[in-house]
Amino acid sequence: MSTPDKQRRSFLQGAALAVTAGAVSRAGAAALPEAPLQASPATQPPLHPANGRPYQPVVTLNGWSLPWRMNNGVKEFHLVAEPVVREIAPGMKARLWGYNGQSPGPTIEVVEGDRVRIFVTNKLPEATSVHWHGQRLPNGMDGVSGLTQPAIPPGKTYVYEFTARRAGTFMYHPHADEMVQMAMGMMGFWVTHPKDPGFMRVDRDFVFLMNAYDIAPGASVPKVSTMLDFNLWTWNSRAFPGIDPLVVRQNDRVRIRVGNLTMTNHPLHLHGHEFSVTGTDGGWVPPAARWPEVTTDIAVGQMRAIEFDATEEGDWALHCHKAHHTMNAMGHDLPTMIGVDQSKVLDKITRLIPDYMAMGDKGGSMGEMEMPLPENTLPMMTGRGPYGPIEMGGMFSTVKVRKQLARDDYRDPGWYRAPAGTVARPWNGPAPSAARAPDRDDGKPTLEVVKPGMQGGHQGHH
Amino acid sequence: MIPHVSRPLRAAAVAACALLAGCAQLSPDGGFGQVEQASSTRLGQAPAWNRTPQQTQASSEHVRQLLHDPANSTPRLASADDAVQIALINNPDLQADFAGLGVAEADLVQAGRLPNPGFSFKRSHAGDDLKIERSLSLGLMRLLTLPAASRIEQRRFEQVRLSLASRVLSVAAQTRQAYYQAVAAQQGLQYQKQVADAAEAAHALAAQMARLGNISQLDSAREQFFYGQAQTSLQQARRLAAQHKESLARLLGLAPDFSLPAQLPALPRQLEAVDDIEQQALQQRLDVEAARTELEGLQTSLGLTRATRLVNVLDLGALRTTESGKPVENGYEISLEIPLFDWGEARVAKAEAIYLQGAHKLAAAVLDARAQARLAWRERQDAYTLARRYQDEWLPLRQRIADENVLRYNGMLVSVFILLADAREQAATVNAAIEAQRDFWIADASLQLALGGRPTQGKQP
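In this text the structure is predicted, and so the values were computed from the model without any measurement. (Residues numbered from 1 in each chain as written. Chains lettered and ligands numbered in written order. Predicted model: local features only at pLDDT ≥ 70, side-chain atom pairs only at ≥ 80, totals over all residues. Heavy atoms only, no water.)

All names here are of chain B. Viewed as axis vectors pointing N to C, helix H3 (residues 53-66) and helix H4 (residues 80-90) meet at an angle of 165°, and their least axial separation amounts to 10 Å. With respect to H4, the element H3 is oriented roughly antiparallel. The two elements H3 and H4 cross, and the hand of that crossing is left-handed. Residues Ser 59, His 62, Val 63 and Leu 66 of H3 lie in contact with H4, whose contacting residues are Asp 82, Gln 85, Ile 86, Ile 89 and Asn 90. (Axes fitted to C-alpha atoms, helices over the stretch in contact; angles between N-to-C directions. Helix = DSSP H or I, 4+ residues; strand = E, 2+ residues; numbered from the N terminus. Parallel < 35°, antiparallel > 145°, perpendicular 65-115°, else oblique. Left-handed = near helix turned anticlockwise from the far one by under 90°. Contact = heavy atoms within 4.5 Å.)

In this fold, Tyr355(B) is placed in helix H10 (residues 345-410). In this structure, the C-alpha to C-alpha distance between Tyr355(B) and Leu164(B), residues 191 residues apart in sequence, is 25 Å.

The next subject is the sheet that holds strand E9 (residues 131-133) of chain A. Residue and element names in this part refer to chain A. Spatially, the four strands line up as an open sheet ordered E7-E12-E11-E9, and their pairing is mixed. The open sheet has two edge strands with one neighbour each: strand E7 (108-111) and E9. Averaged over all adjacent pairs, the angle separating strand axes in this sheet is 25°, with direction ignored. Two elements, E7 and strand E12 (residues 188-193), share four bridges in a ladder whose sense is parallel. Opposite Val 110, over in E12, you have Thr 192 as the bridge partner. (Pairing = 2+ DSSP bridges.)

Let us look at the packing of aromatic side chains. By convention here, two paired aromatic rings are described through the distance between centres and the angle between planes. A full pass over the atoms with the stated rule returns 22 aromatic pairs over all chains. With 5.5 Å between their ring centres and 65° between their planes, Trp132(A) and Trp190(A) make a pair best called edge-to-face. You can see Trp132(A) sitting in strand E9 and its partner Trp190(A) sitting in strand E12, a full 58 residues away along the chain. Take Trp132(A) and Trp190(A): they sit in the same class, and that class is buried. Counting every residue linked through ring pairs, the aromatic cluster contains Tyr99(A), Trp132(A), Tyr160(A), Phe162(A), Tyr172(A) and Trp190(A). The cationic tip of Arg204(A) hangs over the ring face of Tyr410(A); the distance from NZ or CZ to the ring centre is 4.6 Å. In this structure, Lys245(B) is placed above the aromatic ring of Phe258(B), and the distance from its NZ or CZ to the ring centre is 5.0 Å. (Phe/Tyr/Trp six-rings, centres within 6.5 Å; stacked < 30°, edge-to-face > 60°. Buried < 20%, exposed > 50% of the residue type's maximum accessible area, 1.4 Å probe, protein only. Lys NZ or Arg CZ within 6 Å of the ring centre and 35° of its normal.)

Below is the structure:
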C-alpha cells in the first residue's frame, strides 16, 4: 500500500534504507558488485553520484536508480532478472518478471564517456539477455540472443561492458523470448547524462516507461499471448491512482523523459503549459528544430524528452490522450446502455440475480458508486480529487506546480488550493438566452437524416 | 386320514368335522388382520379395507385429515408418508385386491364344509312307461377329499394373504416414488418459471436496446430466440409436472386438486451404515416367505401322496404356478381312481420331484432377494453421493460463478446479457441437482421395497 504517509516515510528514508543487499551469494560477492533490491513501489529520491563524473540525477516515477561501484575507473552495476510482485495500484498486485525486486527495473544513470560494466544474473526459469536500446556499442554487447551472444541460461551471470558514447535517453529490455519477457514486465530506463552538467540543465528531470499488461480480473499474472487488447495501461507498471504526482517548484525548468514499450502509440498530453520536444531516440533536438506542443505522440519503441517551464501554479493533468488508456480493466464487449430504461425488467432480473444493479443508462460514469469487484481488480475509473471523483485510471498523473518548494523536495504537497474566484462555479442567475443560428431560407430542401432508433415519424421502422 | 369308504356316512362326517375344526369358519376381519399386521411391521403404516359404509366413511375422514392444512383452505399433501397412508386406505385397486382376500377366505371356508345332503326326484316317460326315481344323496367325493381340500385351501389362503401384503408394499413404494416425482417436477417448474422470467427480461431489454440503436438486430434476435427456448422449456416443465401429479393422484385415489410441498425433503445428513442388509431382506421379504410357505406345503403334500398313493388327491404341479408377467395361478384338482394298473409309484416320484423343485425355488428366491437388496443398497448409496455432490459442491460452485460474474458486471467487465446467460446455465445445474435429490429419494423407496420394508439401522462398521 502506498498511502501518502508511507510514501513520504520511505521517501525520506532514501535509497540507502530502501535498498537492501543480498540477492547474490557471498562467494560471488567478491567478484560481483552488490545487487541492491528495491521493495517499495514509491518514487525514490534522486541518486546523487557519490563518485565518478558529476551529473544532475533523474527522478524515476514510482521507481529508483541503481547504485553502482567504481572498479578501476569502470562503473559496475549488477542487474538480477527475477520474478517480482509489483503493486500496480493500491488494491492490486501483479506477479511480474523484473530486475532487482521491481518491474520495471532500476534506472541506470551514467555519464557520457563512462566505461560501464553491467553484470546480469538470470534468476528466471528461462534464458534471457539484455538489449541496451538506442546505445552505440560493440555489436557483441547489443544483447540480441542468438544474433550477438548466446542467451544467458537460468542461474548464470553474464557481463556486458561498453562505453556510454552518446548522452541521451535510453531503455533496456530483453531480446530473448521478448514477447513473453516484455509482457511480463522486463524493462528499465537508462539515462546517459552529458559530460557537461550545465548542458541543457534542468531543475527536475522525470523518467518513466509506458507499459501495458493484460491481467484478467481476479488474476495477477499477465496473459503473455495478448497482442493488442491490453486492459492495464501503466507508467512504470503503475496505474492511476497508483502513479505518483510529478512535483515541481514554480518556475522550475522541467524535463520529462518517456519511453514507450507498449504495442501502441501514446499521445502524451500536458495541461496548462506548452512544452518542447527536446530529445528523441537519436539524441537532443537542436533548439531551432523543436516543436512547441501540448501533446506529443510517442510511438512504439520510441523515447521522447519534453521540456517546459512550470510557470503556472496548480495541479495539472498529464495523461495519454487515448481515452481508454486512462481507464483500468474494463470489458471490451459491452453494449452501450445509454438511454435504456431497465426499470420494467429490473424486478425479473433481480429475482434470478439478486445482487444485480442497473448501470450505464446515463453514461459510463461510475461516479461515487462503490461496488464489490473481483479480487485483485482495479475499478475501471477511479481516483478522487479535491472536488470529487477524477474518474481516471491507467496512464494518468498530475504535475503539481507549487511555489517555495526546496530544491530536492519531491514530496506530494497535497491538492492545489485555488485562489478565491478562480474555480469554475455554479451559475445561479437567470439563464442567458441561447444564441440561435439565423433562419435558413435559401429555397433549398432541407436534408433530413433519420438514424435508426430516432424517435419521430419513423417509430417502429427498423 | 382319509375316512374309509365303507364306514357309515355319519361317522365319516363327524370324523371330518373333528379333523377340520377351527379352520372352516369365516373370520370377522376376512383374514385382513394379518395383512394389516404385515404392513404395519414392515411399513409402519396400516392399510384399511373399506368393506362397510362406516369403514369407507372413516377412511374418507382420515384422508381429509391427512390433507388438511391449518394454514390454508386448500388440501395439502405434506409428506411422502402421508401419501403412502392415503394410498393404503384409498387406492381403489388395492381395495379390489382386498376384496379378493374375502373371495379366498370364502373358498377356504367352503372347502372345509361338508356338502349338504341332496334330494333328487326324476320323473320320465318312455311311451306309456312312467319312471319315477327318487334318491337321497351326499357328495361322497367331497366327503372323501374334504380334509385334503381344506389344507390346500388353507395354504392357498395363506398365499393370497402374502401376495396381498406384498401388493400393499408395492403400492406404498410406487406411491412414494410418484410423490417424489411429482414434487421434483413441480420444483423444476418453479425454477423454470424464474428462468423464463429472466429470459423475458433479457428479451425485453434487448428489444428496447435494438429500438434505441444500442445493439444490433442480430443480438436482439438472439435474445428473442433464447426467450422462445425458455418458454418452450417452461411449457415442457409444466406438462411434466401435471403428468406426475396425475400419476400420484391416481395412486392416492384422488383428484389432483391438492397442493404439494415446494421442495423435496432435504437429504439425510449422512447415510447410516447397515451391515445386515441381506439378512433383513431374508427376514422381511414376502416373496421369500411365500416360497418358504410353499415348500412347507409341498412337504406336507409329499407326505400325503406317499400315504395315499392310490388316491390321486392333488396335482402338486397346479398348486402354485407362477409365470412372470402373469398373476399367480392357484388351485388344485382332486380325482379318485381305481388302482387296477397303476400302484402309484410314479405319482410319488413326481411329488418328490415337485418338492425338490420347490426347494430350489426357495433357494432362488433367497438368492434373488439378497441380490436385489445389495443392488438397491448400492444404488441408493450412489444416488446419495451424487445428490450430495450437487448440493455440497456443484451448486455452491455455480453460485460462486454467479457471484464472480456479478463482481465483473460491477466492474463493467461483462454485460447484463452475460449475467443472464450465466443464470440460464445455472438453471441447468439447479435442475440437475433437483433430479439428483429426487433420484436419491426414489432409490430410497426402491430399497424399502427390496428389503420388504423399511431398513432398520444397524451398527456402524
